[in-house]
Amino acid sequence: MKKIVAGKRTDYLSWDEYFMGVAILSGMRSKDPNSQVGCCIVSEDNKILSMGYNGFPKGCSDDDFPWAREGEALQTKYFYVTHSELNAILNYRGGSLEGAKLYVTLFPCNECAKAIIQAGIRTVVYASDKYADEAMTIASKRMFDAAGVRYYSYGPTGRRIEIEV
């Protein structure tokens, strides 16, 4: 005899909550003292393809390269850090990212926008756009618009997710 279930659970995570949560968790791996940015790339059928966070390239020690935001150019992090989006794209080993969706905690810079477009990613969901008025972000949006990459702000639900390990 088949057991009849009264009804399914209704308080489960939406796809956007789930994948942005993965991006946030990924960003928590970053050793950057100022900005922890995470990214999660998913397929059209909601399968996680890759993740990334901002940090130094393989073989470049977190102890030997600078984390400073200000000072002489070569003594700041900006020439050395790989952004989460590019890390996620480069970490992917499955072939094409054509048609994929990218979840990221901070709107992509112009350099990451180029990589996103070239990789064939079609949608970007972002949590923060705190640099919206900066030239790099304006350029990103201009390129996304021209290339037909859809982007939208993640709408937080106020749900609190706690992880205890």
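For the structure, see preceding data.
The following refers to the structure shown. No experiment lies behind these values; they were computed from the predicted model shown.

**A word on the packing of aromatic side chains**
Here's step 1: A complete count under the given rule lists 11 aromatic pairs for this structure.
Here's step 2: Taking the centre distance of 5.4 Å and the plane angle of 45° together, the rings of Phe19 and Tyr103 count as tilted. Of this pair, Phe19 sits in helix α1 (residues 15-27) while Tyr103 sits in strand β3 (residues 101-106), and the two are 84 residues apart along the sequence.
Here's step 3: Looking at Tyr103, the relative accessible area reads 1%, which means it is buried.
Here's step 4: Between Phe107 and Tyr126 the ring centres are 4.8 Å apart and the planes differ by 80°, which places this aromatic pair in the edge-to-face class. Pair noted here: Phe107 is in the loop between β3 and α3 (110-119) and Tyr126 is in strand β4 (residues 123-128), with a separation of 19 residues, a long-range link. This pair shows no difference in class: Phe107 is buried, exactly as Tyr126 is.
Here's step 5: Three or more aromatic residues joined by ring pairs make a cluster, and in this case those are Trp15, Tyr18, Phe19 and Tyr103.
Here's step 6: Against the face of Phe107 rests Lys141, its NZ or CZ located 4.9 Å from the ring centre.

**Considerations on the environment of Ile41**
Here's step 1: You can see Ile41 is positioned in strand β1 (residues 38-42).
Here's step 2: On the basis of relative accessible area, Ile41 is assigned to the buried category, the value being 0%.
Here's step 3: For the pair Ile41 and Gly99, spaced 58 residues apart in sequence, the C-alpha to C-alpha distance is 10 Å.

**Details of the sheet that holds β3**
Here's step 1: One open sheet holds the five strands; their spatial order is β2-β1-β3-β4-β5, and the pairing between them is mixed. Two strands bound the open sheet, and with one partner strand each, they are β2 (48-53) and β5 (150-153). Mean inter-strand twist for the sheet, computed between neighbouring axes without regard to direction, equals 15°.
Here's step 2: For β1 and β3, the ladder comprises four bridges, and the chain directions are antiparallel. Bridge pairing links Ile41 to Leu102 in β3.
Here's step 3: The sheet contacts of α1 involve β1, β2, β3, β4 and β5, and relative to β3 the element is tilted by about 55°.
Here's step 4: Sheet strands touched by helix α2 (residues 84-91): β1, β2 and β3. Its angle to β2, the strand with the most contacts, is close to 135°.

So, how was this worked out
- Starting from 1, residues in each chain are numbered consecutively following that chain's sequence as written.
- Selection of residues for local features in this predicted model requires a pLDDT of at least 70, selection of side-chain atom pairs for listing and counting requires 80 or more, and totals for whole chains, interfaces and linings are taken over all residues.
- Note: side-chain values were computed over all heavy atoms of the structure, leaving out hydrogens and water.
- Each pair of aromatic rings taken from Phe, Tyr and Trp, with Trp reduced to its six-membered ring, is defined by centres within 6.5 Å and is described as stacked if the planes are under 30 degrees apart, edge-to-face if over 60, and tilted in the remaining cases.
- Put simply, DSSP marks the helices as runs of H or I at least four residues long and the strands as runs of E at least two long, and each gets a number from the N terminus on.
- Think of it in three bands: with a 1.4 Å probe and only protein chains considered, a residue is buried below 20% of the maximum accessible area for its type, exposed above 50%, and partly exposed in between.
- Only lysine NZ and arginine CZ atoms are considered, and such an atom sits over a ring when it is within 6 Å of the ring centre and within 35 degrees of the ring normal.
- DSSP calls a pair of strands paired once it identifies at least 2 bridges connecting them.
- Interaxial angles span 0 to 180 degrees and are taken between N-to-C directions of axes, which are lines fitted to C-alpha atoms, for helices over the stretch in contact.
- Contact definition: two residues touch when any of their heavy atoms are within 4.5 Å.

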